[in-house]
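# Observations on chain architecture
This is what each chain is made of:
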Amino acid sequence: MEGHWNLDGFPVAVLVYDDAGNVIDANDAACALLGADRRDVVGSSAEQSDWLVVDSGDGPITVHPVIAALRTGQPVRAVLLRVRRPDGTDVWLQVDAVPEGSGVVAGLTDVTYLIARSRITSRSAGDHIVDEVTDSLAYARLEPRAVLDTVTHALARLRPGIWVASLMGKDPSDMQIVATNEDAGYASEYVKAMKVSGNLKSTPISSRVIESGEPLLIPNITVEELKDYMNDEVRAYLGAHPWMSAASHLGIVVVPMRARGAIIGTLGLFERRTSNPLTSKDTLWVQAIADRTALAVENAQLYEDAVKRLDRLAALQGVSLAVSASPDLRLTLKVILDHVTAQLKVDAADVMLLDETDNTLSLAASTGFLATAVPDYRLPADEGMPGQSLMSRRIETVTALSAFTQFRRRSLFAREGFKAYGAVPLSSRGRLLGALEVFQRSPLNPDQEWLSFLDALGSVAAVAIDSATMQERLRQGRFGAQPRPTRAAPDISRLEREILRLVVEGKTNREVAAEVHLSQNTVKFHMRQILQKSGASNRTDLAHQAAKEGWL
């Protein structure tokens, strides 16, 4: 190309680039405008120049106009940019880049005087990006994850690079991370892989921005240097799964997402170092987008919470109707468990009923288990889970995987793949009836509303169980034998009489075993014998009869 042009005959400053974006010729006017010798200009690279692109007549661009012309094969006109001369002074240029043969001819016009005298400059490329993303937000689905996806996809299209949005949950340790880039979403897949590996719970850079409340701008950093900003887990994962060369240079800007005075997450750009480096001006427009995104996310969360509350109120009403309409306890419990799994988003649930004859819990109803038949466990009510919930009379949740090895049902947890567990005691009129359990095959981070709804469902289940028990007693009283006259004490041994005395005092099987120096299993055997001889239906009935008839 150089041989076909007499550049000094041109009335404007001209640079000629080859197909790799390197200067192969320049006239004296261009060298004077750039404040450099011709030997320094020729051979310089458009990709490596520090020209700051501000605006374009054809719409916002994010790369050197010559690179844009080479990529598209179309002229790129009226690009406003700033160039810093070797002596440190700045010059504002308007550039027209026109493809010619296999290269590009760029004409430069000095507009420094116009910019200096103008009270307001034209809108920057960042302003256009803010407008575009704001328009995209108007069509985003009212769901926090959908809002983040919409914003990051729009940004990756308008400003190439890896865009990462992080959002804190109601529990600040629960961080949701969305990553998108222009290359078929490999960044998103990479973040998913890190999450699955357990190496990505939050990002140190995001945590730093959230804690300080200030944007982080790093115009030039290598991938190797970036590791200094990461924790050991992420650093180890990146070492084993490199995502780009350690010598690659990046520009980074991360800003806080702010809504109504609170920081709820971060928005950041990680891009390869180009001729259009990140500056403090980029921080301003990225912050504008982050704040708009934060408001959209918060509105989506409020909407989502309102819908969830309505659904849960409707579920409670439906369960209450089922309790009043059906005398079948197992059917009622099945309806309750279906609402538990649907509204609390858990994988499985069951109801364990307390058998007062031997103080054990047995399975009454279940849903969501992979096994075709859940084993009919009988668990001591005063130890382990859900005994701990019964004894404390409050909801218990376990999310540490190591804690499941202490359960009597650890084989069930292993086979079903459960990783989280919760239990709420069922009580009515001050009397313990059993426990409602929930199981999850993934980590569980319950918030207060989740726990409150589980507690409410537990209360409804307790009412259903108590109502069914009362109806059964009424039926037995109505159709059973005539009331028996006062009876003499049953024919029991001295040891059994001592056990009966301790039971009347309200002691558990464990406490009785300690008093009479026998094992719990032996005490349970004698309890069955006493119940059979006395005709009592359970421990409570036995204690009542013994006190009424004066057996002791």
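### Here's the deal with the packing of aromatic side chains
Counted by the stated rule, this structure contains 5 aromatic pairs. Judged by centre distance (6.2 Å) and plane angle (55 degrees), the rings of Trp163 and Trp285 are tilted. A residue pair is termed long-range when its members are at least 10 positions apart, and Trp163 in strand 7 (residues 162–168) and Trp285 in helix 11 (residues 280–325) qualify at 122 residues. Assigned by exposure class, Trp163 and Trp285 land together as buried. Taken together, the ring pairs connect Phe369, Phe418, Tyr421 and Phe439 into an aromatic cluster.

### Topic: unusual backbone geometry
A positive phi angle, close to 55 degrees, is found at Ala78, a residue other than glycine. One can find Ala78 in strand 4 (residues 76–84). Phi angles above zero are rare outside glycine, and His517 is one such case at about 60 degrees.

### Points about helix 17 (residues 509–516)
Residues of helix 17 that are buried: Asn509, Val512, Ala513 and Val516. The buried side chains of helix 17 occupy one side of the element, clustering within an arc of 100 degrees when seen end-on. Downstream of helix 17 by a residue or two, His517 has a phi angle that is positive, lying close to 60 degrees.

### Concerning the pattern of salt bridges
Two side chains with opposite charge may pair up if their charged atoms get near one another. One pass over the structure, following the stated rule, counts 11 salt bridges. When the shortest N-O distance is used, the salt bridge between Asp149 and Arg145 registers 3.6 Å. Of the two residues, Asp149 and Arg145 both sit in helix 6 (residues 144–158), 4 residues apart, roughly one turn of that helix. Taking the relative accessible area as the measure of exposure, Arg145 reaches 26% and is therefore partly exposed.

### Focus: the side chain of Thr152
Within the secondary structure, Thr152 is located in helix 6. Residue Thr152 is classed as buried on the basis of its relative accessible area of 0%. A polar contact is formed between the side chain of Thr152 and the backbone oxygen of Leu148, at a distance of 2.9 Å. The residues touching Thr152, leaving out its near neighbours within four places in the chain, are Trp163, Ala165, Val178 and Thr180.

### Structural notes on the sheet that holds strand 7
Strand order across the open sheet formed by 5 strands is 8-7-11-10-9, with antiparallel pairing between neighbours. Edge positions in the sheet fall to strand 8 (175–180) and strand 9 (216–222), since each has one partner strand and no second. In this sheet, neighbouring strand axes are inclined to one another by 15 degrees on average, regardless of whether the strands run parallel or antiparallel. Alignment of strand 7 against strand 8, held across 6 bridges, turns out to be antiparallel. Counted as the bridge partner of Leu167 is Gln176 from strand 8. The strands that helix 6 touches are strand 7, strand 8, strand 10 (249–259) and strand 11 (262–272); relative to strand 8, the one it contacts most, it runs at about 30 degrees.

### Some words on the environment of Val351
With respect to the secondary-structure elements, Val351 resides in strand 12 (residues 348–355). When the C-alpha positions of Val351 and Leu337 are compared, they lie 8.1 Å apart, and in sequence the two are 14 residues distant. When sequence neighbours within four positions are dropped, the list of residues in contact with Val351 reads Leu333, Leu337, Ser362, Leu363, Ala364, Ala365, Leu426, Ala435, Leu436 and Ile465.

### A closer look at the confidence of the model for the protein chain
Per-residue pLDDT for the protein chain averages 78, and the proportion of residues at 70 or more is 78%. Here residues 119–123 is modelled with pLDDT under 50, and outside its nearest four sequence neighbours on either side it reaches 7 contacts, counting other chains as well.

### A closer look at the packing of helix 16 (residues 494–504) against helix 17
Taken N-terminus to C-terminus, the directions of helix 16 and helix 17 make an angle of 135 degrees; their axes are 10 Å apart at the nearest point. Here helix 16 is positioned oblique relative to helix 17, judged by the angle of their axes. At the point where helix 16 passes helix 17, the crossing takes the right-handed sense. Between helix 16 and helix 17, the residues in contact are Leu495, Glu498, Ile499, Leu502 and Val503 and Val512, Glu515 and Val516, respectively. A breakdown of the residues in the contact of helix 16 with helix 17 according to their chemical character gives 6 nonpolar, no polar and 2 charged.

Calculation rules
Residues numbered from 1 in each chain as written. Predicted model: local features only at pLDDT ≥ 70, side-chain atom pairs only at ≥ 80, totals over all residues. Heavy atoms only, no water. Phe/Tyr/Trp six-rings, centres within 6.5 Å; stacked < 30°, edge-to-face > 60°. Helix = DSSP H or I, 4+ residues; strand = E, 2+ residues; numbered from the N terminus. Buried < 20%, exposed > 50% of the residue type's maximum accessible area, 1.4 Å probe, protein only. Arc of directions from axis to C-beta. Salt bridge = Lys/Arg side-chain N within 4 Å of Asp/Glu carboxyl O. Polar contact = N/O pair within 3.5 Å; in protein donor to acceptor, adjacent residues only side chain to side chain. Contact = heavy atoms within 4.5 Å. Pairing = 2+ DSSP bridges. Axes fitted to C-alpha atoms, helices over the stretch in contact; angles between N-to-C directions. pLDDT = per-residue confidence, 0-100. Parallel < 35°, antiparallel > 145°, perpendicular 65-115°, else oblique. Left-handed = near helix turned anticlockwise from the far one by under 90°. Nonpolar A, V, L, I, M, F, W, Y, C, P; charged D, E, K, R; others polar.

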